[in-house]
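Structure at a glance
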Amino acid sequence: MINMKNATKWRYFSSAVSVILMIVSISVIAVKGLNWGLDFTGGVVSEIRIDSSISAKTLQPVLQQAYGQEVSLIAAGEPGRWVLRYAAPSAGQTMPELPEVLAGMNTQVEVLNTSIVGPQVGQELAEQGGLALLVAMLCILGYLSYRFEWRLASGAVFALVHDVIFVLAFFAATQMEFNLTVLAAVLAILGYSLNDSIIIADRIRELLAAKPKLAVKDINNQAIAATFARTMVTSGTTLMTISALWIMGGGPLEGFSIAMFIGVLTGTFSSISVGTSLPEWLGLSSEHYRVTPVAQTP
Amino acid sequence: MITDSLLKSNARGSQPKKLLNHYSAWKYLVLVVTLVVMALSALPTWYGEDAAVQISPKAGIALSPTQIVSELVKADILVKRLDSKDQQTLVILNDEGQQTLAKSLLATHAQDPAELTLALSPAAPEWLLGMGFEPIKLGLDLRGGVQFLLDVDITPVYQTQGSSLADALRAFAREQGIRGLSVRQGAEEQLTVVMPEAARAEVRQFMAKQYPLWQVSSNNSQLKLALTEAEKINLRNLTVQQNLQIMRTRIEELGITEALVQRQGESRIRIELPGVQDPAAAKSVIGATATLAFYEVKDSATGAILIKDKTGNPVPVARKPVLTGEHIVDARAGIGEMGTAEVNITLDSEGGRRMTDFSRGHIGKPMATAYSEYSRDANGKAVQSNEIISVATIQSVLPERFRITGAGSYQDAQQLALLLRAGSMTAPVTIVEERTIGPTLGAENIHNGFAALALGLGITLVFMALWYRRLGWVANLALLANMVLLFGLLALIPGAVLTLPGIAGLVLTVGMAVDTNVLIFERIRDKLREGRALAHAVDKGFDSAFSTIFDANFTTMITAVVLYAIGNGPIQGFALTLGLGLLTSMFSGIFASRAIINLVYGKNFSRDVRV
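Only a predicted model underlies this, so the values are computations on that prediction, with no experimental measurement involved.

Definitions and cut-offs
Residues numbered from 1 in each chain as written. Chains lettered and ligands numbered in written order. Predicted model: local features only at pLDDT ≥ 70, side-chain atom pairs only at ≥ 80, totals over all residues. Helix = DSSP H or I, 4+ residues; strand = E, 2+ residues; numbered from the N terminus. Rg over C-alpha atoms; globule rule 2.2 N^0.38 Å. Buried ≥ 20, exposed ≤ 12 C-beta atoms within 10 Å, placed from the backbone. Contact = placed C-beta atoms within 7 Å. Axes fitted to C-alpha atoms, helices over the stretch in contact; angles between N-to-C directions. Parallel < 35°, antiparallel > 145°, perpendicular 65-115°, else oblique. Left-handed = near helix turned anticlockwise from the far one by under 90°. Nonpolar A, V, L, I, M, F, W, Y, C, P; charged D, E, K, R; others polar. Core = buried A, V, L, I, M, F, W, Y, C linked by C-beta atoms within 7 Å. Pairing = 2+ DSSP bridges. pLDDT = per-residue confidence, 0-100. Domains from an automatic or database assignment. Expected span 1.5 Å × (residues − 1). Bend = angle between axes of the 7 residues up to and from the residue. Arc of directions from axis to C-beta.

Before going further, it helps to examine the overall build of chain A. Across its full length, chain A carries 10 helices and 6 strands. Its C-alpha radius of gyration of 25 Å places chain A more than 25% over the 19 Å reference for a compact globule of 298 residues. By principal-axis analysis of the C-alpha atoms, chain A measures approximately 90 × 40 × 35 Å. In chain A, which comprises 298 residues, the proportion classed as buried is 43%. By sequence separation, contacts in chain A at least 24 residues apart represent 80% of the contacts at least 6 residues apart.

The helix and strand inventory of chain B stands at 16 helices and 23 strands. For chain B, the proportion of its 611 residues judged to be buried stands at 41%. Taking as baseline every contact in chain B between residues at least 6 positions apart, the subset at least 24 positions apart corresponds to 72%.

This next bit is on the packing of helix α7 (residues 180-210) of chain A against helix α8 (residues 216-248) of chain A. Residues and elements named next belong to chain A. Axis separation between α7 and α8 bottoms out at 9 Å; the angle between their running directions is 135 degrees. By the angle between their directions, the pair α7 and α8 is classed as oblique. α8 is crossed by α7, and the crossing has right-handed handedness. Along its contact with α7, which presents D196, I199, I200, R203, I204, L207 and L208, the element α8 presents I219, N220, Q222, A223, I224, A226, T227, R230 and T231. Among the residues forming the contact of α7 with α8, the class breakdown is 9 nonpolar, 4 polar and 3 charged.

On to the interface of chain B and chain A, then. Listed by partner, the interface residues are 50 residues for chain B and 50 residues for chain A. Elements with a contribution of two residues or more to the side of chain B that touches chain A: β22 (429-437), α13 (439-492), α14 (500-529), α15 (534-566) and α16 (570-601) of chain B. No other element matches α13 of chain B, which puts 14 residues into the side of chain B that touches chain A. Considering only residue class, the side of chain B that touches chain A consists of 29 nonpolar, 14 polar and 7 charged.

Residues and elements named next belong to chain A. The geometry of helix α6 (residues 150-174) relative to helix α9 (residues 254-272) is characterised by a closest axis approach of 9 Å and an angle of 145 degrees between their N-to-C directions. Like other packed secondary-structure pairs, α6 and α9 cross with a definite hand, here right-handed. Residue-level contacts link A159, H162, D163, F166, V167 and F170 of α6 to A259, I262, G263, T266, G267, S270 and S271 of α9.

Glancing now at the nonpolar core. One finds A184 and V186 of chain A together with V507 and L563 of chain B to be the most contacted residues of the largest nonpolar core, which totals 127 residues. By residue number, the principal contributor to this core is α13 of chain B, which donates 20 residues. Apart from residues no more than four positions distant in its own chain, L563 of chain B is found in contact with A132, A184 and L187 of chain A together with I571, F574 and A575 of chain B. Listed in part, the 36 residues of the second largest apolar core include L120, V146, M247 and I286 of chain B.

Okay, the sheet that holds strand β5 (residues 110-117) of chain A next. In spatial order, the strands read β3(A)-β4(A)-β2(A)-β5(A)-β22(B)-β6(B)-β12(B)-β11(B); together these 8 strands make up an open sheet with antiparallel pairing. For this open sheet the edge positions go to β3 (72-75) of chain A together with β11 (260-264) of chain B, each flanked by a neighbour on one side alone. Between one strand axis and the next, the sheet turns by 20 degrees as a mean value, whatever way the strands run. Bridging between β11 of chain B and strand β12 (residues 268-274) of chain B involves 5 bridges; their strand directions are antiparallel. What sits directly across from L260 of chain B, in β12 of chain B, is E272 of chain B. Packing of helix α5 (residues 119-147) of chain A onto the sheet brings it into contact with β5 of chain A together with β6 (145-152) and β22 of chain B, and relative to β22 of chain B it is tilted by some 75 degrees.

Residues and elements named next belong to chain B. On the basis of which strands lie adjacent, the open sheet formed by 4 strands has the order β7-β8-β10-β9 and antiparallel pairing. Each edge of the open sheet is held by one strand with a lone partner, namely β7 (182-185) and β9 (214-219). Strand-to-strand, the axes of this sheet are offset by a mean angle of 20 degrees, without reference to chain direction. Pairing between β9 and strand β10 (residues 222-227): 6 bridges, direction antiparallel. Paired with V216 across the strands is L225, a residue of β10. Set on the sheet, helix α8 (residues 200-210) makes contact with β8 (191-194), β9 and β10; between it and β9 the angle comes to about 165 degrees.

Residue and element names in this part refer to chain B. Across chain B, the average pLDDT comes to 79, with 89% of residues at or above 70. Confidence, read as mean pLDDT per element, is least for helix α1 (residues 2-14) in chain B (45) and greatest for α13 (88). Residue range residues 1-16 is modelled with pLDDT below 50. Its contacts to residues more than four positions away, or to other chains, number 2 contacts. For this predicted complex, the interface confidence comes out at an ipTM of 0.83, alongside a pTM of 0.76.

For the rest of this paragraph, the subject is the pairing of β12 of chain B. Burial runs high along β12 of chain B: 5 of the 7 residues are buried. With antiparallel pairing between neighbouring strands as the criterion, β11 of chain B and β12 of chain B make up a hairpin whose turn holds 3 residues, including G265 of chain B at a positive phi of roughly 70 degrees.

Turning our attention to the domain arrangement of chain A. Domains assigned within chain A are domain 1 (7-37 + 121-288) and domain 2 (52-117). Placing the centre of domain 1 of chain A and that of domain 2 of chain A at their C-alpha centroids yields a distance of 40 Å.

Attention shifts here to α15 of chain B. With 33 residues, α15 of chain B extends 47 Å from end C-alpha to end C-alpha; this agrees with the ideal 48 Å at 1.5 Å per step. F546 of chain B marks the point of greatest bend in α15 of chain B, at about 35 degrees.

Below, the discussion takes up the environment of L63 of chain B. In this fold, L63 of chain B is placed in the loop between β1 (49-55) and α3 (65-74). Overall, the presence of 15 C-beta atoms within 10 Å leaves L63 of chain B in the partly exposed class.

With that settled, consider the pairing of β22 of chain B. In terms of residue burial, β22 of chain B counts as a mostly covered element, since 7 of its 9 residues are buried. Pairing between β5 of chain A and β22 of chain B: 5 bridges, direction antiparallel. If you follow T114 of chain A over to β22 of chain B, its bridge partner there is T436 of chain B. Across 8 bridges, β6 of chain B lies against β22 of chain B in antiparallel orientation. In the sheet register, Q147 of chain B faces β22 of chain B, and the bridge partner there is R435 of chain B.

Turning to unusual backbone geometry, a few remarks are in order. Despite not being glycine, Q175 of chain A shows a phi value in the positive range, around 60 degrees. By the secondary structure assignment, Q175 of chain A is in the loop between α6 and β6 (177-178). The phi dihedral of R469 of chain B falls on the positive side, at around 35 degrees, and the residue is not glycine. Tracing the backbone through its elements, the reader meets R469 of chain B in helix α13.

Attention now goes to helix α11 (residues 349-361) of chain B. Residue and element names in this part refer to chain B. Its 13 residues give α11 an end-to-end C-alpha distance of 19 Å, which sits within 8% of 18 Å, the value for a rise of 1.5 Å per residue. Within the span of α11, buried status applies to G351, G352 and M355. Take α11 and look down its axis: the buried residues cluster within an arc of 95 degrees, on one side only. α11 presents R360 and G361 as exposed residues on the side facing more than 90 degrees away from its buried surface. Next to the buried residues of α11 lie β16 (323-324) and β18 (341-347).

Shown next, in the form of structure tokens:
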């Protein structure tokens, strides 16, 4: 069992796990890469509903012939519902409409949605997304360095990077589509992961000032213990609502919910483990938060 | 903290009026008024919107309201209500799926079917709408519709400017007898002029006088000419605005009241057409091409064609135009020497020659400007529409640059300049992004989104009630107040749009909003464990939790703001609900829940309570 005596050991152990996970994650991203969605690559995605008796095998050659290229075909939710994805027609060329293509299949075709994104727009969206991530990171760093001492802040930042990399690695490993909504989730994770770290850091700062005699590792343990109930309750309610979104939200929000779920999970874990251990290794001490006596006369 | 409590007790000693856990009456008043207003603002969304067909008086439908209803009922279209106000008739339907059907049925009775528009009408009771509250606007992903992103290619506009100047320079060299002058054009408007040393000053003078908007720099024996950066930006803005204007007028014809046409970034135009199910029809309207021509006005209709002007009067004009729009390089509105509005037109060299030849023989006679547009109708056939936009009298021989006066006010002149530039259509527009969301998918998205919200809210309410027992229901009241505030705000803020990721943001807010209360409650528990009475623990708990709550929310706020600023469309919807959710959760979690706790537990000094 984890208790106050062996808590430090547990913390170091979990930090080591975090670091190993991070190395593994980075190599997964490097090897497999992300499966960029339509928003970033450009192309055509259509969702259709047709007779449920038509199988992918019969559908594939018809589409391939009509569009003159490999058409990716993914079953979506219920039988007879498919998501098609193929490259956008080049300038000046027109592609046959789906109902025409499937006219020979003796079925009613209902096109639920179609998105056509030009390659130029995709490129721009990817750049915009990267910019958003960068700007958010910089703003957060700025705020943290203003609010906390750099050693304490570095723990929160490391935890943050850890969470984002882990979520990206999950999307690389499963090859789930990485689209704009998932990117939004990653940015939301930035905020959320920090939320946890800051609340613990706040407690550490408070305890450092209140009990300057205590060893930093014990202060860290006490801070974690004091905020543990809150961490669990908030993460718990957030995870519950995200699960609700995952179960009920349907296809369009699936990637978003999964990313958020993993992000919140690792966010909680990292804020307790590396988030507190790193400042310790960097030599955080109560010196940095000594209460300076206020001058008697103004 | 020690100093804090000392200060408090001092204050209490000197000022007996300072009460523990007491909110003055005005704070409760603010709280109640805010909640009531927000609840009223959120209510219309609860009722939703009904699909409707709007009939303007210009449509010329000869049927009486009762006849309209009976016609629709005959075709199995269920009519919910029919409002007739100031001759404007609104037919509100039961089923959204029958909207297009109803419109096409009514169109058969109308003289001008273009005056029938698809619309949405709030379903909330009259007294609520009368107070100015409206339902939350739904994004395309929830409502169904078509969205286009158009790219306006500015390069040809610059190129035209460059080639026009090149022509002018060559003509200038001919007139002045400068030999050995050659002009080369770069990828855009930049020109490289090679000439004898002697002529350089002359050319520079010509540039400074005639083309002050060009930057001239010398490089060895060459002159490099380029548009100033400010002028390029100006040209780009004019071009995009001109295209925006064209798109707006074209989309008006589609008859969608809530269509959105707006500029996005430097040279993009975003068009959202809610309710449209067939992108092909919309595409042909957007992709229509416009041309412009100058005609000689004839005295009688014999040997002439008749083109109607704005008021509908036919104007007889020569069969062959003097000049067509592709020769127009630029057209701008200005104020002339006499203080009247005018339009300055620049033609290319060939156009200039033709205009000079024509005007020489027709001084004192009127010349008409016609605007025509080619578009495809519902059957894919090309349709041309013609209109005379101005008739002006030729005062003198017209060179390449001339002005048209008598167009009316400055606004009219601006409008004409816009049309003239539109007629030249030098900036090709391409559709770079197209998204269609079918109405069934939109409805499905709404259903899924709100089911997730209901489930998430339900679980959280139950969990909080079980976990914190007596304080739990306070947190739950705060959470419900938070939802009311959030929906109320979304409906109130102009331009706020609820999208599917926006609903995800709402669900996430539910999970994160309780955090404020959890932080406070955990602090209260700590204080109780230290042996304080409940009332004191409440006071200390709220005080010590505040800075933590602020810190934690601030960082999430940063990401929400960044997302809103950089993202677009659905992502902005997410950023909006996330950011607003943070604000409302601070309000309800700190202010509203304190107000409740003060009333109920504020004077409870027992020490053996458990929360």
